[in-house]
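Listed below are the residues making up each chain.
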Amino acid sequence: MAITKFFNEMTADDGSVRSHYAGYAKWLNETPADRIERKRAEADALFHRYGITFAVYGEESGTERLIPFDIIPRIIPAKEWKSLEAGLRQRVKALNTFIHDIYHDQEILKAGHIPADQVLKNAQYRPEMQGVNVPCDIYAHIAGVDVVRAGAGEFYVLEDNLRVPSGVSYMLEDRRMMMRLFPELFARHRVAPVEHYPDMLLHTLRSVAPVGVADPTVVVMTPGAYNSAYFEHAFLAQQMGVELVEGQDLFVEDDQVFMRTTQGPRRVDVIYRRVDDDFLDPQAFRKDSMIGVPGLLKAYRAGRVTLSNAIGTGVADDKSIYPYVPEMIRFYLGEEPILNNVPTYMCRKPEDLAYTLAHLPELVVKEVHGAGGYGMLVGPASTKEQIESFRKHLEANPDKYISQPTLALSNCPTFVENGIAPRHLDLRPFVLSGTEIQMVPGGLTRVALREGSLVVNSSQGGGTKDTWVLEA
Amino acid sequence: MLSRTADHLFWMARYMERAENTARILDVTYRLSLLPQNGEDVEPMWAGMLKIMELQDTFLAKHPRHTTEAVLEFMIFDKDNPGSIYRCLRATRENAHAVRGTLTSELWETSNATWLKMRDLTPTKLWENGPGAFFEWVKYRSHLSRGVTIGTMLQDEALRFIRLGTFLERADNTARILEVKYLNLLPGTDEDATQANDYYQWSALLQSVSAFEVYRKVYRDQITPLRVAELLILRADMPRSLARSMKEVYSNLTRVSNARSAETERLAGELESHLRFGRIERIFEVGFRNYLEDFRDRIFDLGCRISEDFLIPARA
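Please read these numbers as outputs of a predicted model, since none were measured by experiment.

## A word on the pairing of strand 19 (residues 419-428) of chain A
All names here are of chain A. Counting buried positions along strand 19 yields seven of ten residues, so the element is predominantly enclosed. Across six bridges, the pairing between strand 18 (residues 411-416) and strand 19 is antiparallel. Within strand 19, the residue paired with Thr414 across the bridge is Ala421. Hairpin geometry of strand 18 and strand 19 is characterised by an intervening segment of two residues between the two adjacent antiparallel strands. Of the strand pairs in this sheet, strand 19 and strand 22 (residues 444-448) are connected by four bridges, and their pairing is antiparallel. Looking at strand 22, one finds that Leu425 is bridged to Val447.

Here it is as structure tokens:
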């Protein structure tokens, strides 16, 4: 392994506990091991009983698993959060402006900052959206931006998730669980609350209703009970007090969307959809979609319903567009980016491909359209055979891949089989954009439970931690 | 409320109620099978029960004989038997899962926890404690689920569809429990059957629907078939009777009433008033068994109509 030193969230290089972790470290030290053990077992039992599970693709259908929950929180001091939040707001604002520009005048392409082909020939670019106006010119109402800390402690954005980012329910449930298990910790720390996220989300969704709708009806649309994130869909609908619908519950008549209710059809104005673009409307996109609503795109283009997020946001969070985000910030906002981008090699460029092929053991190679940690290579953690077999895929389809240096992700003490050991983590804060940009202080912290692993995705055996942003 | 949501709520409640009543039917039949008067041959009794539950063919496809063990394992654990308690509790949980956002968290957790326990139960564990303890457990989980429903759910449409499912299913199931008893009385039982045997049979039936003490309180007299039938069919103050079930079906139905449900409401009201103003002597004249079969047909019809009017309406 090329990397040897990692930033530890709890302890400094000289072994002393960082000041924002002092209170927690003291508590952990004083609390008897058997009490902690009991509490950890209790957390497991509660998650099972609540049914806070996710379905795993590629396993027997209906298989549900718990996402492992770790009781050592990830703590972020107020000052760090402040700059992180400013960076995230800046980034999402630029991304929304970019999407609007792409589907209207394409100024950024005309100015030559991004090669036009890179955008217009991207599979995520939706020509159907060209010239369509959406309320407030906002496309990504809900963004889940993956941030990691690396090197000496600086933050990097790893990915902008602008399509249907998930995980916010775990952020909320992890907090609920920590407060239930260890109320005394919250008496000792001033942890910024996150529980009002659903209110904020509802407010955001209502603020982007079609023009002229005074009291909009909002619904959450799910692919169904067997979707991996179904728990979250149901949770958010319940917390917001709105209906959880499936495609079959909706129909379109005269460009207006209705849901089928026990009292007859009822108008729907805003759809927080957790269904991918491809499956939204069998008349417009994939014909075999059983979970969509025929005619939805037409109603959407007529401005009679708001889809959240908008169709076609994928053009901005694609890994091949990612390298240009700092440029977007400069171009649209006239500001310098607050958060770092990870240097990225685009394998469609011959020189980048050559570099990537020559340095596979040190790099992380990702599919441009991949997600969830599937189909990627983590060079330093792979065997020679794995690298060689990946090399063949890469050589055959260089356009499909990008590569990045393997970041020395920060780690945090975590309960593992033999006690407490450092494990790598990332952070997904959620940014809500409507008439204004809003965030709750915190996000979902994911932790790679296998020793040395840098892959935190829950589908790859990652766990979660409660995330505390301390109030100053 | 979404029609699909109402559909899941309705079936969630039906399957929970069905699980409970299946436990009750199995419990009474199991107890009767233990009575010495019934001798060694308990198979016709189990066969009769399966017939009334319309599961005879499914059972015979797998088992050559109606032994107590075979029938109980078929009715409790068999994943291929749509009427097994395993399948009922799984369906309860699956329906709850599909609308978990509509349920209070307590109600969802109750249903989920019941399922998790059922999933882990094995026949070995069942026979260790005896089937009676298991039937008791199913009944208590159902009591809990009902209590949590009433104690935590907002009194809105969602609750109405849950209650509608509960009582429609109960009406059907109580009728079946009575039919099981009827079957066991006649064939092979001559007129001179010992009074003692008869007494145990009727009291076991009363106990299976939690009506033994109720009977004593209401009639303060010896147990007779006519009165047992009256209690379980016509007494609206008896919570598991046909009259009470229909009263609840009708009142919940009128509260969710929509533009197309008038005929369904009328039919439910008609059935309810027959029970309200009926006389047990008249029912025996018509024939107990015919009466019950006709009643179950009407309940089936009501179920179909509720589906069409509310749960899976055609477009617009």
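## Some words on the sheet that holds strand 14 (residues 345-346) of chain A
Residues and elements named next belong to chain A. On the basis of which strands lie adjacent, the open sheet formed by four strands has the order 14-17-15-16 and antiparallel pairing. Edge strands, defined here as strands with exactly one partner in the open sheet, are strand 14 and strand 16 (377-378). Pairing geometry for strand 14 and strand 17 (residues 401-405), over two bridges, is antiparallel. Bridge pairing in strand 17 places Tyr345 opposite Ser403.

## Notes on the pattern of salt bridges
Residues and elements named next belong to chain A. Here the structure, examined in full by the defined rule, presents 63 salt bridges over all chains. Close ionic contact of Lys319 with Glu159 constitutes a salt bridge, the shortest N to O distance being 3.7 Å. With Lys319 in the loop between helix 11 (314-317) and helix 12 (325-333) and Glu159 in strand 5 (residues 154-161), this residue pair connects regions lying 160 residues apart in the sequence. Comparing Lys319 with Glu159 shows no difference in burial state: the two are buried.

## Description of the interface of chain B and chain A
If you look at the interface, chain B gives 27 residues, while chain A gives 26 residues. Between chain B and chain A, the buried area comes to about 2,200 Å², and carbon and sulfur atoms account for 44% of it. Here chain B and chain A share two salt bridges between them. Between Glu246 of chain A and Arg4 of chain B there is a salt bridge, with the nearest N and O atoms lying 3.2 Å from each other. Counting across the chain B and chain A interface gives 14 residue pairs in polar contact (both at pLDDT 80 or more). When contributions to the side of chain B that touches chain A are tallied by element, the ones reaching two or more residues are helix 1 (3-34), helix 5 (85-98), helix 6 (105-120) and helix 9 (157-185) of chain B. Here the element with the most residues in the side of chain B that touches chain A is helix 6 of chain B; it accounts for five residues. Here the side of chain B that touches chain A is composed, by residue class, of 13 nonpolar, seven polar and seven charged.

## As for the environment of Arg119 of chain B
All names here are of chain B. With respect to the secondary-structure elements, Arg119 resides in helix 6. Classification of Arg119 as partly exposed rests on a relative accessible area of 43%. Placed 33 residues apart in sequence, Arg119 and Tyr86 show a C-alpha to C-alpha distance of 7.4 Å.

## Topic: the sheet that holds strand 7 (residues 243-245) of chain A
Hydrogen bonding along the main chain pairs the strands of a sheet, whether they run parallel or antiparallel. Residue and element names in this part refer to chain A. A sheet is described by the order of its strands in space; here four strands give the open sequence 7-6-11-12, paired in parallel fashion. Across the chains shown, the open sheet's two edge strands, defined by having one partner strand only, are strand 7 and strand 12 (306-308). Adjacent strand axes in the sheet meet at a mean angle of 30 degrees, parallel and antiparallel pairs treated alike. Sheet analysis places strand 6 (residues 218-221) next to strand 11 (residues 270-273), joined by four bridges and oriented parallel.

## Notes on the pairing of strand 6 of chain A
All names here are of chain A. Of the two faces of strand 6, the one carrying Val218 and Val220 and the one carrying Val219 and Met221 are both buried. Summarising the sheet, strand 6 and strand 7 pair through three bridges and their orientation is parallel. Bridging across to strand 7, Val219 finds its partner in Glu243. Assessed by its sense of winding, the connection that carries the chain from strand 6 through helix 9 (residues 230-240) to strand 7 is right-handed.

## Notes on helix 12 of chain A
Residue and element names in this part refer to chain A. Turning to helix 12, its buried residues number three or more, namely Val325, Pro326, Met328, Ile329 and Tyr332. One side of helix 12 carries all its buried residues, which in axial view fall inside an arc of 155 degrees. Where helix 12 is buried, its residues contact helix 3 (78-102), helix 4 (107-110), strand 5 and strand 13 (340-341).

## As for the packing of helix 11 (residues 212-219) of chain B against helix 12 (residues 225-233) of chain B
All names here are of chain B. Running from N to C, helix 11 and helix 12 cross one another at 105 degrees; their axes reach a closest spacing of 11 Å. Classified by the interaxial angle, the pair formed by helix 11 and helix 12 is roughly perpendicular. Across from Val214, Tyr215, Val218 and Tyr219 in helix 11, the residues of helix 12 making contact are Arg227, Val228, Glu230 and Leu231. Tallied by class, residues from the contact of helix 11 with helix 12 come to six nonpolar, no polar and two charged.

## Describing the confidence of the model for chain A
Per-residue confidence for chain A averages 91 on the pLDDT scale, and 96% of its residues sit at or above 70. A low-confidence stretch, residues 58-62 of chain A stays under pLDDT 50, and its non-local contacts, those more than four residues away or across chains, total two contacts.

## Things to note about unusual backbone geometry
Cis geometry marks the peptide bond from Ser308 of chain A to Asn309 of chain A; its omega dihedral reads -5 degrees. Residue placement: Asn309 of chain A occurs in the loop between strand 12 and helix 11. The residue Asp137 of chain A is not glycine, and still its phi comes out positive at about 55 degrees. The class for Asp137 of chain A is partly exposed, based on a relative accessible area of 37%. Despite not being glycine, Arg220 of chain B shows a phi value in the positive range, around 45 degrees. For Arg220 of chain B, the position within the fold is in the loop between helix 11 and helix 12. A relative accessible area of 71% means that Arg220 of chain B is categorised as exposed.

## Concerning the environment of Leu353 of chain A
Residues and elements named next belong to chain A. Relative to the assigned elements, Leu353 resides in helix 13 (residues 350-358). A relative accessible area of 16% places Leu353 in the buried class. For the pair Leu353 and Arg35, spaced 318 residues apart in sequence, the C-alpha to C-alpha distance is 53 Å. Once residues within four sequence positions are removed from consideration, Leu353 is found in contact with Met346, Cys347, Leu394 and Pro398.

## Focus: the packing of aromatic side chains
All names here are of chain A. With the rule as written, the count across this model stands at 23 aromatic pairs over all chains. With centroids separated by 5.0 Å and ring planes inclined at 80 degrees, the aromatic side chains of Phe331 and Tyr332 adopt a geometry described as edge-to-face. We classify Phe331 as partly exposed; its relative accessible area is 30%.

## A few points about empty space enclosed by the protein
All names here are of chain B. Inspection of every chain in the model, using the stated rule, returns seven cavities of 30 Å³ or more. Lining the largest cavity are 14 residues, and of these Ala13, Met16, Ser145, Thr149 and Thr166 lie nearest its centre. When contributions to the lining of the largest cavity are tallied by element, the ones reaching two or more residues are helix 1, helix 6, helix 8 (131-152) and helix 9. In the lining of the largest cavity, the residues fall into five nonpolar, six polar and three charged.

Cut-offs applied
Residues numbered from 1 in each chain as written. Chains lettered and ligands numbered in written order. Predicted model: local features only at pLDDT ≥ 70, side-chain atom pairs only at ≥ 80, totals over all residues. Heavy atoms only, no water. Buried < 20%, exposed > 50% of the residue type's maximum accessible area, 1.4 Å probe, protein only. Helix = DSSP H or I, 4+ residues; strand = E, 2+ residues; numbered from the N terminus. Pairing = 2+ DSSP bridges. Salt bridge = Lys/Arg side-chain N within 4 Å of Asp/Glu carboxyl O. Contact = heavy atoms within 4.5 Å. Buried area = accessible area lost by both parts, 1.4 Å probe. Polar contact = N/O pair within 3.5 Å; in protein donor to acceptor, adjacent residues only side chain to side chain. Nonpolar A, V, L, I, M, F, W, Y, C, P; charged D, E, K, R; others polar. Axes fitted to C-alpha atoms, helices over the stretch in contact; angles between N-to-C directions. Right-handed = clockwise from strand over helix to strand, strands pointing away. Arc of directions from axis to C-beta. Parallel < 35°, antiparallel > 145°, perpendicular 65-115°, else oblique. pLDDT = per-residue confidence, 0-100. Phe/Tyr/Trp six-rings, centres within 6.5 Å; stacked < 30°, edge-to-face > 60°. 1 Å grid on protein atoms, 1.4 Å probe; cavity = no way out; pocket = protein on both sides within 12 Å on 5 of 7 lines; lining within 4 Å. Points joined across faces, edges and corners; volume = space filled by probe spheres on them.

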